[in-house]
Amino acid sequence: MNKQQKPNGGRGIEWTNFTWNPVQGCQHACRWEMPDGSIVPCYVEVIAKRVAQKAYPHGFEHHYWNPQKLDEPLKVVEPSKIFLDSMSDLMGDWVPDEQIEQVLDICRQATWHTFQLLTKNAPRLLEFDFPPNVWVGVSAPPSFMFGKALSLNQQKRMVKRQLDILGKLDVPVRWMSIEPLSFDIAPLLKGSPLEWAIIGAATNGKRVYQPQPTWIQNVIEVLDEQGTAIFFKGNLDWTPWREEFPEIALEL
Ligand code: SF4
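The paragraphs below set out a description of the structure included in this document. (Residues numbered from 1 in each chain as written. Predicted model: local features only at pLDDT ≥ 70, side-chain atom pairs only at ≥ 80, totals over all residues. Heavy atoms only, no water.)

**Observations regarding the overall build of the chain**
Looking only at helices and strands, the chain features 5 helices and 16 strands. Taken over the C-alpha trace, the chain has a radius of gyration of 17 Å; the compact-globule value for 252 residues is 18 Å, and the two agree within 12%. Per-residue burial over the chain gives 53% buried out of 252 residues. A separation threshold of at least 6 residues defines the contact pool for the chain, and within that pool the share at least 24 residues apart is 65%. As presented, the chain carries roughly 12100 Å² of accessible surface, and 51% of it is formed by carbon and sulfur atoms. (Helix = DSSP H or I, 4+ residues; strand = E, 2+ residues; numbered from the N terminus. Rg over C-alpha atoms; globule rule 2.2 N^0.38 Å. Buried < 20%, exposed > 50% of the residue type's maximum accessible area, 1.4 Å probe, protein only. Contact = heavy atoms within 4.5 Å. Areas by Shrake-Rupley, 256 points an atom, 1.4 Å probe, with all protein chains shown as cover.)

Written out as structure tokens, the structure reads:
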């Protein structure tokens, strides 16, 4: 596993303590259109292609199963938040059921940890039983998936479907990563089942594109009204600052 809070003060992914990647590689081919029209690939794909080619000998789209990494959470004694899985999508249609079940079995054994699962393939969430220490999350849609552009209406329909699916799950924490906040998503979040939401800006390398302030304000109002904890990614320019976790996290 990869520790996120670095000894030099770097925070890595701010909302988790470790990343854990029992599977790697992804076929979703997410791309984001920036406000200036530039198209940005998934940061994981960029890492895989530029600096971690050795870990992806058959390319980023290939599915890699890492059974040798399965027991890593069991070796960490301190209760931790663990992002599952940062270099892929465990719920991708290409990941065999047996592998997902093996991963969830480790989550069941490691009762002292909290696992933060994030997917862009929400329908597959309905096929599994998640232990209570797995927070089940969905990512806001990108501008392109599988090589095809998603119109704003398609993105909105996808958000609605994701939230409908989360509402059907019997888990203590359902969450959404809204990174980047690229349109006024607040109306879609009204009445949603979210216990937690992460909000971030769009980035292209070091360049950061802030969401429109009204989009941020609207999301905060809707989520506050329904008691959803809010966590701002470090790239968001907003005051007052929020780094909340669902109440259940306070036990960590
Ligand atoms: S699902 Fe995640 S890992 Fe896969 S391409 Fe999209 S952003 Fe990258």
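That shown, we press on.
**Quick look at the layout of surface pockets**
Here the largest pocket is characterised by a volume of approximately 1100 Å³. As for the largest pocket, its lining consists of 41 residues, and the residues nearest its centre are Trp 32, Cys 42, Tyr 43, Val 44 and Glu 179. Elements with a minimum of two residues in the lining of the largest pocket: β5 (39-41), α1 (43-50), β8 (114-119) and β14 (202-204). Of the residues contributing to the lining of the largest pocket, the split by class is 22 nonpolar, 11 polar and 8 charged. (1 Å grid on protein atoms, 1.4 Å probe; cavity = no way out; pocket = protein on both sides within 12 Å on 5 of 7 lines; lining within 4 Å. Points joined across faces, edges and corners; volume = space filled by probe spheres on them. Nonpolar A, V, L, I, M, F, W, Y, C, P; charged D, E, K, R; others polar.)

**Some details on unusual backbone geometry**
Of the consecutive residues Glu 179 and Pro 180, the connecting peptide bond is found in the cis state with omega at 5°. Along the polypeptide, Pro 180 turns up in the loop between β12 (174-178) and α4 (186-189). Even without being glycine, Ala 29 reaches a positive phi, approximately 50°. Non-glycine residue Phe 146 carries a positive phi angle of around 55°. Within the secondary structure, Phe 146 sits in the loop between β10 (144-145) and β11 (148-149).

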